[in-house]
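Understanding the architecture of this molecule
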Amino acid sequence: MGLFSGKKGLVLGVANDWSIGWAISRFILEQGGEIGFTHLPDKPDDDKQKNRRRVEKCIQGFPGAKFLVPLDVQDDQQIRDVMKTTAEHFGKIDFLLHSIAYADRSDLQNETIETSREGFKMAMDISVYSLLAVCREARPVLNDHASILTMTYFGGEKIVPRYNVMGICKAALEAAMRYLAFELGPRKIRVNALSAGPIKTLAGSAAGVNDMMVLYEGMSPLGRNVTHDEVGRTGAFLLSDMSSGITAEVLHIDGGYNAMGAPGRLLDHFVPKAAVAKA
Ligand SMILES: NC(=O)c1ccc[n+]([C@@H]2O[C@H](COP(=O)([O-])OP(=O)(O)OC[C@H]3O[C@@H](n4cnc5c(N)ncnc54)[C@H](O)[C@@H]3O)[C@@H](O)[C@H]2O)c1
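What you are looking at is a predicted structure, and each value in this text was computed from that prediction instead of being measured.

**Quick word on unusual backbone geometry**
Positive phi is not limited to glycine here, since asparagine 164 has a value of about 45°. The topology assignment puts asparagine 164 in helix α6 (residues 164–184). A relative accessible area of 16% places asparagine 164 in the buried class. In this structure, lysine 188 takes a positive phi of about 60° despite not being glycine. Within the element layout of this structure, lysine 188 appears in the loop between α6 and β6 (190–196).

Here it is as structure tokens:
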């Protein structure tokens, strides 16, 4: 018997085997869960169908992976179609993972003050509004006591230079998560956010994770970065009955980085200990 034996769910936001969505899904599948997946739609005339193929490559060999359908969260009809497919395969589901974010690269590279109106709208639509839209359409297929999880980052709580417009999106996403937790609470449906430290992924590379990983290694209490496996297990925990008392929560999995109020051991690289002692 695995932690997810008899549990069924939907995962939105696997791009490839580096995706956080896949790290969480893999653990759930290994623990006996059944999952329906979505992929970013490919252009119909694109022979390679790269988006679909990449996700197919992840899920092959996992009997618990039950379907794979296209989804662009900017399209309400596609969201409804995914819920219809989910109902046909599973009836009801026990967990839902939203692991989706997008901002135009130029808006991420610009200073926040330069964010374009169109870029802002798109980033908020895909990265924040989609959680509301997906949860709304998922209501009929969600079991009472189901668990919903979204992925966030510390740049939504504090200034993280270069995270820029996505920081604003994450702040809004965390607020959306809390309101959803309140509104779905009467059905004992839980909604949480997992705030991961930098992890190498497609979206992560656009948001400059490599530099952040150096910082986390130097500054976090654990003195290292978190791994895909660790994020996978903690995400699965929040989607499982093991976390039944937790809702409306932002849980950090970042080696303790968010608790630091000063650069800590990182300072040793810039200010030799002897110099500090003399002063
Ligand atoms: N990588 C990190 O360091 C890190 C840290 C904290 C939080 N996160 C968050 O984790 C989540 C997953 O990102 P990731 O790092 O695994 O990268 P990823 O690129 O593997 O995943 C992002 C997913 O968003 C999907 N997506 C983008 N636009 C979409 C749209 N219009 N419709 C449907 N899906 C769409 C992509 O297809 C992809 O599957 C994001 O919310 C991200 O902000 C990432």
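**Thoughts on the pairing of strand β2 (residues 34–39)**
Extensive coverage of β2 is indicated by the burial of 5 of its 6 residues. Note that strand β1 (residues 8–12) and β2 share 4 bridges and pair parallel. Bridging from a neighbouring strand, lysine 8 pairs with glutamate 34 of β2. Running through helix α1 (residues 20–30), the crossover from β1 to the neighbouring parallel element β2 is right-handed. Pairing of β2 with strand β3 (residues 65–70) involves 5 bridges; the strand directions are parallel. Along β3, the bridge assignment pairs threonine 38 with valine 69. In this fold, the crossover linking β2 to β3 by way of helix α2 (residues 50–59) has right-handed handedness.

**Things to note about the environment of valine 55**
Topologically, valine 55 is positioned in helix α2. Residue classification places valine 55 among the buried residues on the basis of a relative accessible area of 1%. With 38 residues separating them in the primary sequence, valine 55 and aspartate 17 have C-alpha atoms 7.6 Å apart. Valine 55 has contacts with Val14, Ala15, His39 and Leu68, leaving out every residue within four places of it along the chain.

**Details of the site of the ligand**
As a matter of local geometry, the ligand sits amid 27 residues, with Ser19, Ile20, Lys170, Ile199 and Thr201 nearest to it. A distance of 3.3 Å separates an oxygen atom of the ligand from a polar atom in the backbone of alanine 15. One nitrogen or oxygen atom from the main chain of isoleucine 20 is found 2.8 Å from an oxygen atom belonging to the ligand. The protein chains hide 92% of the 820 Å² of surface that the ligand would expose on its own. Elements with a minimum of two residues in the shell around the ligand: β5 (142–152) and α7 (202–206). Its residues assigned to classes, the shell around the ligand comprises 18 nonpolar, 7 polar and 2 charged.

**Describing helix α5 (residues 117–138)**
Over its 22 residues, α5 runs 30 Å from end to end, which matches the ideal 32 Å to within 8%, given 1.5 Å per residue. Bending of α5 peaks at approximately 50° at the position of tyrosine 129. Those residues of α5 not exposed but buried are Gly119, Ala123, Ile126, Ser127, Val128, Ser130, Leu131, Ala133, Val134, Cys135 and Ala138.

What counts, and where the lines are drawn
All residue numbers here refer to positions counted from 1 along the written sequence of the relevant chain. The predicted nature of this model means local features are confined to residues of pLDDT at least 70 and side-chain atom pairs, given and counted, to a pLDDT of 80 or more, with totals for whole chains, interfaces and linings taken over all residues. Side-chain measures were taken over the full set of non-hydrogen atoms in the model, leaving aside hydrogen atoms and water. Secondary structure is summarised from DSSP: a helix means a run of H or I of at least four residues, a strand means a run of E of at least two, and numbering begins at the N terminus for each. Only protein chains enter the area calculation, which uses a 1.4 Å probe; residues under 20% of their type maximum are buried, those over 50% are exposed, and those in between are partly exposed. We treat two strands as partners when DSSP finds at least two bridges between them. Orient the strands so they point away from the viewer, and a crossover whose first-strand-to-second-strand path over the helix runs clockwise is right-handed. By the convention used here, residues are in contact when the closest approach between their heavy atoms is within 4.5 Å. Being near a molecule or strand, for a residue, comes down to having at least one heavy atom within 4 Å of it. Within 3.5 Å is the distance limit for a polar contact, defined as a pair of N or O atoms, with the added protein rule that one can donate a hydrogen and the other accept it, and that residues adjacent in sequence qualify only through two side-chain atoms. Computed with the Shrake-Rupley method and a 1.4 Å probe, the accessible areas treat only the protein chains shown as cover for residues. Residue type decides the class: Asp, Glu, Lys and Arg count as charged, Ala, Val, Leu, Ile, Met, Phe, Trp, Tyr, Cys and Pro as nonpolar, and the leftover types, Gly among them, as polar. For a helix, the expected span equals 1.5 Å multiplied by the number of residues minus one. At any given residue, the bend is defined as the angle formed between two axes, one fitted to the seven residues that end at that position and one fitted to the seven that begin there.

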